[in-house]
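Take a look at the letters that make up each chain.
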Amino acid sequence: MGAESWKEVLHDKMDAGWAEEIDQFDSQMALRKLGKLGEKVFAETRLRRGVYGQRYDNGKRHDGTADQTLAFADVPTKGPETLWDAPGMCRIKIPFGGVSAEQLEVLADCSEEYSDAILHVTTRQDFQIHYVHIEDTADLMRRLAAVNITTREACGNSVRNVTGCPLAGVCKTETFDISPYAQALMTFMLGHPDVQDFGRKFKPAFSGCEHEACGLVQMHDGGYVARVVDGKKGFKIVVGGGLGAVPHQAAVLSEFTPVEELLPVMQAVARVFARLGEKKNRNRARIKFLVAKIGIEEFKRMVEEERKTLPHDDRWTSLVTDMAPTDNEPTAPGAELAPGDRPDGFAAWFDTNVRAQRQDGYSVVTLNLPLGDLTADQARSLADIARKWSGDNMRTTVEQNMVLRFVSNGDLVAVFEALTAAGIGAADGETIVDVTSCPGTDTCKLGIAASRGLASELRQRLAAKSASMPAAVKALRVKISGCFNSCGQHHLADIGFYGNSRKVDGRTVPHFQVILGGQWGENAGKYGMAMGSVPSKAVPEVVEALTDAYVQSREGDESFRGFVERTGKRSMREIIKPFMKVAPYAEAPEFYSDWSDVREFTIGDLGIGECAGEMVSLFGIEVVKAESQGFDAQIALEEGDFEEAEDLAYRSMISAARALVRLEFIDVTETPDDVVSEFKTRYFDNERFFDRFAKGKFGQYLLDRHATAPDSIDRDIASRRIEESQLFIEAAHACELRIESASILAGAAEA
């Protein structure tokens, strides 16, 4: 940049409102540096501008032995325990994943100049760039705003990116192209006064098909499925879905809402959510909890009443009737793929990465991006490729890939060669090789285990076997999250994993919980269930054992989910059971580090006392009972005995709580009232059970269930109780680990 600032250069190229908001953010940064703006207020402000914190931004990093201090200047923080100079992450909204060549070039330039030259595609079609200094974010926003991209409300308690099927407009089975309506909702809700007072975020998604994966609407706070009734366009609307720690399936708000009513109905939903949604308890503040609490029929009645009170807004109809035409403009006439010699690798790439469009002579090309990453140079090459063969028809996908649309079949060989030259021509898109992963411990503050490290290892091993892999195995999906929050969407995978840890041989060992039988189709129609935790280093062997069992026992064209259901959870657990045990440190030290991380994954190496060892042994014995009850609950659920499943899940929480209580009060009875009373006094009221980020969320699951047993129990209630019990047990493990570590530290200090 020369003498002129980006603000001066771009002032007449940005939306005036967006420019003013960015200037305000610039001023807020100055005020914070002067200490004239509180850190909590500033943190919320920057989050609503899409500027996140990042792992280690508290100035601490554990080297495998002890915390080490990272040297940063002594200036005001940018949030609680978030140092000003520590690198952060910027999330960039890409509505329905639509991105033009010009936009991609600006994104590449920003990633290179302000970050590490990596554009990361998220599971909600955003881009993220990491390692950004906060003082660069205003100029970054201005440069994006100049090409009509915003970071506003990419984070924070508001309406997040509006996602949509990447095949919208070219899909053979869609009802109609949802892209313009996704853009209309994005435009209408961005900065709207009625979405500024939510207790938590609201994630919307659009789908053109009822039964494909498309927008995964069943796992969203608000989902919209295209329908035509009596020749009129509209949407089926669902609300209250969500993954996270306890997944919920969305419920139907409306079987058909005409397009002109889409925006006012969603405004009414926003008002009801803002007014009645939880505000104090962040862990119960998503709309899924409100819908579950009052019931969908009452929620529907409230929305209908709210709709009647809304003052008229011309944009309700203007945004959906005056929409700009979609960008489905091909750059070349449709054609057939010409016969003749093809370059090496083309056949495999064509088989997995090319899909025929509804429009004759054109195809959608999938770019299989490892871990969702695209370098700045690759992004510029892709922009050139798009201009030549696809125009502005690019989309990001929820599987962390990108697609080129309207590629003439006659140009496919040339496109393959150009993509390969740019290093983005890998085959195996949307196959078992194409593993999805959240950032995990690489950059996320909440990550427990190295999801990206594991995904990279799996990708390499699976790619090596891809050519000889049975088609049924190749079609499976593997998705990984670094913790229970499901940013990697592990609940929807055939084979999913989320990170946790276990205490073994006096040390902490990275583990992953195995989740089997999720349903990607039917818009995320079913969620997988937990089978047990395995050490991180055993996961590749677990995947091989599961896929081998599937191949050997599959009946006909049975899906993996069908195989899991038919085989039963007890038998599925037997498949992974041989891999659950961890050898002592002296025999297998590699199990005590995580993938792509040379540090020892433990704080137990600070010292081990006999007393601590005894306590761990007692807890270990007690908590096994809880885990067994939790597993039996899943069996009961599978067998349709919902009351038994719910009761077992509740009792597993009681057992885990008792395991903790007996660390200090060996004579506690097995009576639930006694256990809960002691647990509440010894661990909950004094916040010893609290997770640093989740606080008392998981302990509250037990207290709420103990205080009020449900009047009636159906599958949904039983499923949620099982999810809650698993999280409670995980939290009990973490609590016990903190207690032991504190004991070790105290012993070391006394010595």
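What comes next is a walk through the structure. Keep in mind the model is a prediction, meaning the values are calculated, not measured. Residue positions are counted from 1 within each chain, in the order its sequence is given. Local features are withheld for residues below a pLDDT of 70 in this predicted model, meaning they are given only at 70 or higher, and side-chain atom pairs are given and counted only at 80 or more; totals for whole chains, interfaces and linings count all residues. Note that the side-chain values use all heavy atoms of the structure and ignore hydrogens as well as water.

1. Quick word on the side chain of Arg-599
At step 1: Relative to the helices and strands, Arg-599 is located in the loop between helix H19 (569–576) and helix H20 (610–638).
At step 2: For the purposes of these results, a polar contact is taken to be a pair of N or O atoms within 3.5 Å, where, inside protein, one atom must be able to donate a hydrogen and its partner to accept one; residues adjacent in sequence count only when each atom of the pair is a side-chain atom. There is a polar contact of 3.3 Å between the side chain of Arg-599 and the side chain of Tyr-56.
At step 3: Not counting chain neighbours up to four residues away, the residues in contact with Arg-599 comprise Tyr-56, Arg-61, His-62, Asp-63, Gly-64, Ser-593 and Asp-594. Counting from the N terminus, the helices are DSSP H or I runs at least four residues long and the strands are E runs at least two residues long. Any pair of residues with heavy atoms lying within 4.5 Å of one another is described as a contacting pair.

2. Brief notes about the packing of aromatic side chains
At step 1: Here a pair means two rings of Phe, Tyr or Trp (six-membered ring of Trp) with centres within 6.5 Å. Their orientation is stacked below 30 degrees between planes, edge-to-face above 60, and tilted elsewhere. Inspection of every chain in the model, using the stated rule, returns 26 aromatic pairs.
At step 2: Ring geometry for Phe-176 against Phe-235: centres 5.5 Å apart, planes inclined by 70°, an arrangement best described as edge-to-face. Of this pair, Phe-176 sits in the loop between strand E8 (163–164) and helix H6 (179–189) while Phe-235 sits in strand E11 (residues 232–239); the two residues are 59 residues apart in sequence, bridging distant segments of the chain. As far as burial versus exposure is concerned, Phe-176 and Phe-235 are alike and both buried.
At step 3: With 5.6 Å between their ring centres and 80° between their planes, Phe-346 and Phe-416 make a pair best called edge-to-face. Here Phe-416 lies in helix H13 (residues 412–421) and Phe-346 lies in helix H11 (residues 346–353), a separation of 70 residues in the sequence.
At step 4: Residue class for Phe-346 comes out buried when judged on its relative accessible area of 3%. The buried label goes to any residue with under 20% of its type's maximum accessible area, the exposed label to any with over 50%, and the partly exposed label to all in between, with areas taken from a 1.4 Å probe on protein chains only.

3. Some words on the pattern of salt bridges
At step 1: In what follows, salt bridge is the name for a side-chain nitrogen of Lys or Arg lying within 4 Å of a carboxyl oxygen of Asp or Glu. Here the structure, examined in full by the defined rule, presents 57 salt bridges.
At step 2: Of the charged contacts in the structure, one is a salt bridge between Glu-638 and Lys-569, with a shortest N-O distance of 4.0 Å. In this pair, Glu-638 is assigned in helix H20 and Lys-569 in helix H19, connecting sequence segments 69 residues apart.
At step 3: A relative accessible area of 31% means that Glu-638 is categorised as partly exposed.
At step 4: Look at Lys-569 and you get buried, because its relative accessible area is 10%.
At step 5: Glu-574 serves as the salt-bridge partner of Lys-577, at 3.9 Å between the closest nitrogen and oxygen.
At step 6: With a relative accessible area of 48%, Lys-577 lands in the partly exposed category.
At step 7: Owing to a relative accessible area of 46%, Glu-574 belongs among the partly exposed residues under this scheme.
At step 8: Put simply, Lys-7, Asp-23, Asp-26, Asp-139 and Arg-142 are held in one network by salt bridges that share partners.

4. Considering the nonpolar core
At step 1: Nonpolar core, defined: a set of buried Ala, Val, Leu, Ile, Met, Phe, Trp, Tyr and Cys residues in which side-chain atoms within 4.5 Å join the residues together. Counting 107 residues, the largest nonpolar core has Leu-104, Phe-206, Phe-235, Phe-299, Leu-382, Met-402 and Leu-404 as its most contacted members.
At step 2: Broken down by element, the residue count for this core peaks at 11 residues, all from helix H7 (residues 259–276).
At step 3: Counting residues in hydrophobic clusters, the runner-up holds 38 residues, among them Ala-626, Met-653, Leu-663 and Leu-702.

5. Observations concerning the environment of Phe-416
At step 1: For Phe-416, a relative accessible area of 5% puts it in the buried group.
At step 2: Separated by 10 residues in the primary sequence, Phe-416 and Ala-426 place their C-alpha atoms 9.3 Å from one another.
At step 3: Not counting residues within four places of it along the chain, the set of residues in contact with Phe-416 comprises Pro-343, Asp-344, Gly-345, Phe-346, Trp-349 and Gly-425.

6. Thoughts on the pairing of strand E14 (residues 362–367)
Side chains on a regular strand alternate between the two faces of the sheet.
At step 1: The buried fraction of E14 amounts to 6 of the 6 residues, a majority that puts the element mostly inside the structure.
At step 2: Looking at chain direction, strand E13 (residues 354–356) and E14 are connected through 3 bridges and run antiparallel. When the sheet's bridge partners are listed, Arg-355 is paired in E14 with Val-364.
At step 3: By this definition, two strands are paired if DSSP reports at least two bridges between them. The hairpin turn running from E13 into E14, its antiparallel successor, is 5 residues long, and Gly-361 in that turn takes a positive phi close to 85°.

7. A closer look at the packing of helix H14 (residues 451–465) against helix H17 (residues 539–553)
At step 1: Here the axes come from fitting lines to C-alpha atoms, over the contacting stretch only for helices, and the angles between their N-to-C directions go from 0 to 180 degrees. Interhelical geometry of H14 versus H17 gives an angle of 45° and a closest axis separation of 10 Å. As far as their axial angle goes, H17 and H14 are oblique. Note on packing geometry: the crossing formed by H14 with H17 is right-handed. Across from Leu-454, Glu-457, Leu-458, Arg-461 and Lys-465 in H14, the residues of H17 making contact are Val-539, Pro-540, Glu-541, Val-543 and Glu-544.
At step 2: Within the contact of H14 with H17, the residues separate by chemical class into 5 nonpolar, no polar and 5 charged. Orientation is classified from the angle alone, with under 35 degrees giving roughly parallel, over 145 giving roughly antiparallel, 65 to 115 giving roughly perpendicular, and any other angle giving oblique. Crossing handedness is defined as follows: a turn of the near helix away from the far one that is anticlockwise and smaller than a right angle gives a left-handed crossing, while the clockwise case is right-handed. Ten residues, namely Ala, Val, Leu, Ile, Met, Phe, Trp, Tyr, Cys and Pro, are considered nonpolar, four, namely Asp, Glu, Lys and Arg, are considered charged, and the remaining ones, Gly among them, are considered polar.

8. What about the sheet that holds strand E18 (residues 436–437)?
At step 1: Judged by pairing direction, the sheet is mixed, and its 5 strands sit side by side in the order E18-E19-E20-E21-E22 without closing on themselves. In the strand order of this sheet, the two ends are held by E18 and strand E22 (529–535), each with one partner.
At step 2: Pairing of E18 with strand E19 (residues 478–481) involves 2 bridges; the strand directions are parallel. If you follow Thr-436 over to E19, its bridge partner there is Lys-479.
At step 3: Where H19 meets the sheet, it contacts strand E21 (507–516) and E22, and its direction lies at approximately 15° from that of E22.

In short, the description is geometric, and any link to function would need to be established separately.
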